[in-house]
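These are the residues of each chain, in order.
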Amino acid sequence: MVANEKVEQLLERITALEDRVAELEQEREELEQENQQLRKENKRLRAKIRWYEGPHTPPSKEQSDQEESSSSDEDEDDEQPRTDGGTPGRKPGHDPAWRPAPDLDEEIEVTCDCCPDCGEQFDESAGVSPRLVEELPDPQPPEVTQYNRHHYQCHSCGSETVASHPDCPDEGQFGVNVIAQAALSRYDHRLPYRKIGDRFEQLHGLELSGASAWHATERAARAGRCEYERIRHRIQQADVVHIDETGIKRDGEQAWIWTFTTEEHTLYAVRESRGSDVPAEVLGEDFAGTVVCDGWTAYPAFSSELQRCWAHILREAEDAAEKEAEGEAIYHALRQLYVALQARLESDLTVRERAELQRVARRELESLIERSVPDGPVATLLGKLEGGLDHWLTFVGEPAVSPTNNAAENALREPVVLRKIIGTLRNDRGMFVHETLLSLLATWRQQGRNPYDELKRVSRDNEMIPRAHTVPAVESSG
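Every value quoted in this text rests on a predicted model; they were computed, and no experiment measured them.

Participant: Can you break down the packing of helix α15 (residues 428–446) against helix α16 (residues 451–460) residue by residue, with the values?
Facilitator: Between two packed helices, both the angle of their axes relative to each other and the distance between the axes serve to describe the pair. The geometry of α15 relative to α16 is characterised by a closest axis approach of 10 Å and an angle of 125° between their N-to-C directions. Taken together, the axes of α15 and α16 are oblique relative to one another. For the pair α15 and α16, the crossing hand works out as right-handed. Listed contacts from α16 to Leu437, Leu441, Trp444 and Arg445 of α15 are Pro451, Glu454, Leu455, Arg457 and Val458. For the contact of α15 with α16, the residue count by class is six nonpolar, no polar and three charged.

Participant: Lay out the packing of helix α4 (residues 193–204) against helix α5 (residues 210–236) with the relevant residues and their values.
Facilitator: Following both chains from N to C, one finds α4 and α5 inclined at 95°, their axes separated by 7 Å at the closest point. Taken together, α4 and α5 sit at an angle that is classed as roughly perpendicular. Contact with α4, carried on its side by Tyr193, Arg194 and Ile196, involves Gly210, Ala213, Trp214 and Thr217 of α5 and no other residues of that element. A per-class count over the contact of α4 with α5 returns four nonpolar, two polar and one charged.

Participant: Account for the side chain of Glu281, naming residues and giving values.
Facilitator: Its place among the elements puts Glu281 in helix α6 (residues 277–283). The exposure class assigned to Glu281 is buried, which follows from its relative accessible area of 16%. Of note is the side chain of Glu281, whose polar atom sits 2.8 Å from the side chain of Arg271.

Participant: Break down the pattern of salt bridges for me, citing the residues and quoting the values.
Facilitator: In the structure shown here, the tally under the stated rule is 32 salt bridges. Residue Lys323 pairs with Asp319 through a salt bridge whose shortest N-O separation is 3.0 Å. Of the two residues, Lys323 and Asp319 are both situated in helix α8 (residues 310–323); the distance of four residues between them amounts to about one turn of the helix. As a salt-bridge pair, Glu356 and Arg359 come within 2.6 Å of each other at their nearest N and O atoms. Pair noted here: Glu356 and Arg359 are both in helix α10 (residues 351–369), with a separation of three residues, about one helical turn. For Glu356, a relative accessible area of 36% corresponds to the partly exposed category. A relative accessible area of 45% places Arg359 in the partly exposed class. Within the structure, one salt-bridge network assembled from shared partners comprises Arg225, Glu229, Arg232, Arg271, Glu281 and Glu435.

Participant: Could you give an account of the nonpolar core, naming the residues involved and the relevant values?
Facilitator: If you look at the biggest cluster of nonpolar residues, it comprises 60 residues, and the most contacted ones within it are Ile243, Trp258, Phe260, Val291, Leu437 and Leu455. Element by element, the count of residues in this core is highest for α15, at nine residues. Core analysis: the next-biggest nonpolar cluster, separate from the first, contains 31 residues, Leu334, Tyr338, Leu393 and Val396 among them.

Participant: Got a sec to walk through a nonpolar patch on the surface? Specific residues and values, please.
Facilitator: Taken together, the side chains of Val7, Leu10, Leu11 and Ile14 present a nonpolar region at the surface, about 370 Å² in accessible area. With respect to the helices and strands, the residue Leu11 is situated in helix α1 (residues 2–52).

Participant: Help me get a handle on the pairing of strand β3 (residues 240–250), residues and values and all.
Facilitator: Within β3, nine of the eleven residues are buried, leaving the element largely enclosed by the surrounding structure. Note: β3 against strand β6 (residues 290–293), three bridges, orientation parallel. Within β6, the residue paired with Val241 across the bridge is Val291. Direction of pairing for β3 relative to strand β4 (residues 253–261): antiparallel, over a ladder of nine bridges. Among the inter-strand pairings, Arg250 is bridged to a residue of β4, identified as Glu253.

Participant: Please provide a residue-by-residue account of unusual backbone geometry, values included.
Facilitator: A positive phi angle is found at Arg190, which is not glycine, with a value near 60°. Along the polypeptide, Arg190 turns up in the loop between α3 (176–187) and α4. Residues other than glycine seldom take positive phi values, yet Asp251 does so here, at roughly 55°. By secondary structure assignment, the location of Asp251 is in the loop between β3 and β4. A residue is classified by how much of its surface remains accessible, and Asp251, at 48% relative accessible area, is partly exposed.

Participant: I'd like a description of the pairing of β6, backed by residues and values.
Facilitator: Every second residue of β6 is oriented toward a common face, with Thr290 and Val292 on one face and Val291 and Cys293 on the other, all of them buried. Strand direction decides the pairing type here: β6 and strand β7 (residues 306–308), joined by three bridges, are parallel. When the bridges of β7 are listed, Cys293 appears paired with Arg308.

Participant: If you had to explain the packing of aromatic side chains to someone new, which residues and values would you point to?
Facilitator: Taken as a whole, this structure holds seven aromatic pairs when the rule is applied. Residues Trp258 and Tyr299 carry aromatic rings whose centres are separated by 6.1 Å and whose planes lie at 75° to one another, so their mutual orientation is edge-to-face. Here the residue Trp258 occupies a position in strand β4, and Tyr299 occupies one in helix α7 (residues 298–302), the gap between them amounting to 41 residues. Just as Trp258 is buried, Tyr299 falls in that class too. Grouped by ring-pair contacts, the aromatic residues Trp310, Tyr338, Trp392 and Phe395 constitute a single cluster. Over the face of the ring belonging to Tyr228 we find Arg225, whose NZ or CZ atom lies 3.9 Å from the ring centre.

Rules and cut-offs
All residue numbers refer to positions counted from 1 along the written sequence of the respective chain. With pLDDT at 70 or above as the cut-off, local features in this predicted model cover only qualifying residues; side-chain atom pairs require 80 or more to be listed or tallied, and sums for whole chains, interfaces and linings still use all residues. Each side-chain value is worked out from all heavy atoms of the structure, with water and hydrogens disregarded. Each axis is a line fitted through C-alpha atoms, and for a helix only the stretch in contact is used; angles between axes span 0 to 180 degrees, taken between their N-to-C directions. By the criteria applied, helices consist of DSSP H or I runs no shorter than four residues and strands consist of E runs no shorter than two, each listed in order from the N terminus. The scheme is simple: roughly parallel for angles under 35 degrees, roughly antiparallel for over 145, roughly perpendicular for 65 to 115, oblique for anything else. The handedness criterion is simple: a crossing whose near helix is rotated anticlockwise from the far helix by less than a right angle is left-handed, and one whose near helix is rotated clockwise is right-handed. Should any heavy atoms of two residues lie within 4.5 Å, those residues are considered in contact. As a working rule, the residues Ala, Val, Leu, Ile, Met, Phe, Trp, Tyr, Cys and Pro are called nonpolar, Asp, Glu, Lys and Arg charged, and the rest polar, with Gly in that last group. Each residue's exposure class comes from its accessible area (1.4 Å probe, protein chains only) as a fraction of the maximum for that residue type: buried when under 20%, exposed when over 50%, partly exposed otherwise. Identification of polar contacts relies on pairs of N or O atoms within 3.5 Å, with a donor-acceptor requirement for protein atoms, meaning one able to donate a hydrogen and the other able to accept it, and with residues adjacent in sequence counted only if both atoms are side-chain atoms. Put simply, a salt bridge is a Lys or Arg side-chain nitrogen that is within 4 Å of an Asp or Glu carboxyl oxygen. To define a nonpolar core, start from buried Ala, Val, Leu, Ile, Met, Phe, Trp, Tyr and Cys residues and group those joined through side-chain atoms within 4.5 Å. A residue counts toward a patch only above 30% relative accessible area and without a salt bridge, and it is joined to like-charged neighbours within 9 Å or, for Val, Leu, Ile, Met, Phe, Trp and Tyr, to nonpolar neighbours within 5 Å. Accessible surface is estimated by sampling points in the Shrake-Rupley manner with a 1.4 Å probe; for residues, cover comes only from the protein chains shown. When DSSP finds at least two bridges between two strands, those strands are taken to pair. Centre distance within 6.5 Å is the pairing criterion for rings of Phe, Tyr and Trp, where only the six-membered ring of Trp is used; planes under 30 degrees apart are then read as stacked, over 60 as edge-to-face, and the remainder as tilted. Our definition puts a charge over a ring when NZ of Lys or CZ of Arg is within 6 Å of the ring centre and also within 35 degrees of the ring normal.

So this is what it looks like as structure tokens:
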């Protein structure tokens, strides 16, 4: 009797387990269907993301997006969360940073005679609470000065001379301050020329049309062109130059703005060409330095001394790994190699140690290239690795060379923002002004110089080139 009861209990338990298994099987099928739908949706969204942010998207943009997302999750309780990707306040353990106290121009005693509540007279002050207030003086109206420039004729050679004054430009009725402020308003504050005219009228009562603001900006570029050529000459002599280019419109047609960047100088060149003739024109065909660049074909056509950008190839490898399973191992191996090289180079290596490290790293790259993969993104990636095999490891042997082209990409950010604002350059004169003033302002910032003071300086130097020479082409050296 007891045995029968146990058998019945076991049968009931088996039946219950079978029912539970059936329920779990049904849940598994539902989860599989949901998983398939999520996979399709994930694939669709990844394809959409790649359309907007491909492997050539700069890491700074991707990083800012990620930081903004992470900070929004961590700081939900903040009353006013930041929108620039950072977290509010200073980092833990860091002392607060205060502005240095300005020098006093005037000291005013602020006193009170009686109590505002009951009218009781005060005998003396119980203490002082100093407060520093920084204020700008009211904008001043323009000063109008007439320069009577005397003419002289040499009795010996017959040449004529016109006396000059540093505050009197060779042409036009606007002084150096107006020229400098117009150029800065356009290329630092990104104002349209009409708004520049409005600003001068609102602040100073100076009537300035949009066309006049353009002419003042053009004079700043013509006055600074000699400085532009000096920057180009210094870059030609540099040991390492970062180069990059991006599209820009010229009267609605496709053109390109190139950047050539060193530690202390940046030069822009607007050209209708994206070929190797532009680096040859700007740097000179005899340029002996190392070029840090991406994989565009114009660079190996110009020079054999290259350093290909690792940031680009790692982004492309990551993109290939997302598309094909064969690419995941290649991406991780490539990234590990790069990280290991960076860590090894932090120590003070001898020339022989650097050369040996370079040989070992090259063998690692060659082993990756020799992998057999079907045609597709991974095969394309390996082809790029093989095509640049002589240029991936230049930084290992040369300490002054950077493994990435971030310097040139950063230099292109300001032109890209301006491109979105202005849309297109109208003609050769617009190209000339654009490349000249962008180069001057970027270089002065690199060197810690005040752009406004420097613009006034070049305007006072009276080295303004003729308007007929305001074309973007520069003569190649040598």
